[in-house]
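# Tertiary structure, described
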Amino acid sequence: ISQLQATIEDLESNAGNNEEINLIFARIGLLEQKLDRVQNKVKSESEIEKESAEIRAIEEERSQLYASNAELTLDLKALRGQLEKLQKQVAKLQKQNREIVKPYLQRLKRAVNELQQK
């Protein structure tokens, strides 16, 4: 009987130890979950840093495009000014052709015809 009581006491103490072991495993599980959350946060922060770097690169490229666009706009305005100037010159030359050159050529043609008839 004393041996049976000793065995029961051992089982009870082991049962207590098993509960402690289960409690320890539960705590380890909780710690692992916390560790996973922390690692996910760290990953998220590194992803955020990476995305921030990408955003800065995109913003820089956008700024460069705006600068290029501004330069192109200035060039386009200059080209429009030159085009208007050339259009005025063409109109002036066409007017001179109508008023000066064409009548002169007509007179010259008549003079040549007269000379040919003599």
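Below is a summary of the structure that appears in this document. (Residues numbered from 1 in each chain as written. Predicted model: local features only at pLDDT ≥ 70, side-chain atom pairs only at ≥ 80, totals over all residues. Heavy atoms only, no water.)

## Looking at the overall build of the chain
Here is the rule: Secondary structure elements follow DSSP: runs of H or I no shorter than four residues count as helices, runs of E no shorter than two count as strands, and numbering proceeds from the N terminus. Note on areas: these come from Shrake-Rupley sampling with a 1.4 Å probe, and a residue is covered only by the protein chains present in the view.
Helix and strand counts for the chain stand at one helix and zero strands. Of the accessible surface of the chain, which amounts to about 11,500 Å², a share of 56% is contributed by carbon and sulfur atoms.

## Things to note about a nonpolar patch on the surface
Under the convention used in this document: Patch definition: residues above 30% relative accessible area lacking any salt bridge, with like charges linked at up to 9 Å and the nonpolar side chains Val, Leu, Ile, Met, Phe, Trp and Tyr linked at up to 5 Å. Whenever a carboxyl oxygen of Asp or Glu lies within 4 Å of a side-chain nitrogen of Lys or Arg, that contact is scored as a salt bridge. Burial status follows relative accessibility: with a 1.4 Å probe on protein chains alone, a residue under 20% of its type maximum counts as buried, one over 50% as exposed, and anything between as partly exposed.
Taken together, the side chains of Ile-100, Val-101, Tyr-104, Leu-105, Leu-108 and Val-112 make up a nonpolar region of the molecular surface, amounting to roughly 540 Å² of accessible area. With respect to the helices and strands, Val-112 occurs in helix 1 (residues 2-117). On the basis of relative accessibility, which here comes to 38%, the residue Val-112 falls in the partly exposed class.

The quantities given are spatial measurements derived from coordinates; they are silent on function.
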